[in-house]
Amino acid sequence: MRHDGKLDYLELPATDLPGTRAFYEAAFGWTFQDYGPSYVGFNEGLDGGFDADAADRAKAPLPILYADDLEAMLTRVEVAGGRIVKPIFAFPGGRRFHFIDPSGNELAVWSGNG
């Protein structure tokens, strides 16, 4: 059910749509719906937060994905063609890493596991 004011959709730019699609399929098992030759949709869930730490906050919105096994996911991201820009680090509540996808978007993956 949709509600007024609820985050409902995340749209990311793609400079290489086939490569970007293949990356997310290989690294995370995402599935896609084609909406013409230059747009694909995905449905993978969404929560959010705001980071006010001037030294740490991202310069643009930062999509953050979840992984049960962070080390295994880091390997999957690298094998699929992602570029790690922040290796695994701890933060209050868990650990995460950041990567760049084939279209140049920065994302992160986190886990609550020690």
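Scroll up a little and you will see the structure.
Residues numbered from 1 in each chain as written. Predicted model: local features only at pLDDT ≥ 70, side-chain atom pairs only at ≥ 80, totals over all residues. Heavy atoms only, no water.

S.K.: I would appreciate a short explanation of the sheet that holds strand β6 (residues 106-111) in the present structure.
M.R.: Within a sheet, adjacent strands bond to each other through the backbone by hydrogen bonds, running parallel or antiparallel. With mixed pairing, the four strands of this open sheet are ordered in space as β3-β6-β5-β4. Every other strand in the sheet has two partners, leaving β3 (64-66) and β4 (83-91) as the edge strands with one partner each. On average, adjacent strands in this sheet sit at an angle of 25° to one another, irrespective of strand direction. Strand direction decides the pairing type here: strand β5 (residues 94-100) and β6, joined by six bridges, are antiparallel. By the bridge assignment, Ile100 is partnered in β6 with Glu106. Most of the contacts of helix α1 (residues 17-28) go to β5, to which it runs at about 155°, and overall it touches β3, β5 and β6. (Pairing = 2+ DSSP bridges. Helix = DSSP H or I, 4+ residues; strand = E, 2+ residues; numbered from the N terminus. Axes fitted to C-alpha atoms, helices over the stretch in contact; angles between N-to-C directions. Contact = heavy atoms within 4.5 Å.)

S.K.: What is the right way to look at the packing of α1 against helix α2 (residues 70-80) in this model?
M.R.: For any two helices packed against each other, the geometry is given by the interaxial angle and the distance between the axes. The N-to-C vectors of α1 and α2 enclose an angle of 150°; their axes lie 8 Å apart at closest approach. Judged on the interaxial angle alone, α2 and α1 are roughly antiparallel. Here α1 runs over α2; the crossing is right-handed. The segment α1 lies against α2, with Phe23, Ala26, Ala27 and Phe28 engaging Met73, Arg76, Val77 and Ala80. Class assignment for the residues of the contact of α1 with α2 results in seven nonpolar, no polar and one charged. (Parallel < 35°, antiparallel > 145°, perpendicular 65-115°, else oblique. Left-handed = near helix turned anticlockwise from the far one by under 90°. Nonpolar A, V, L, I, M, F, W, Y, C, P; charged D, E, K, R; others polar.)

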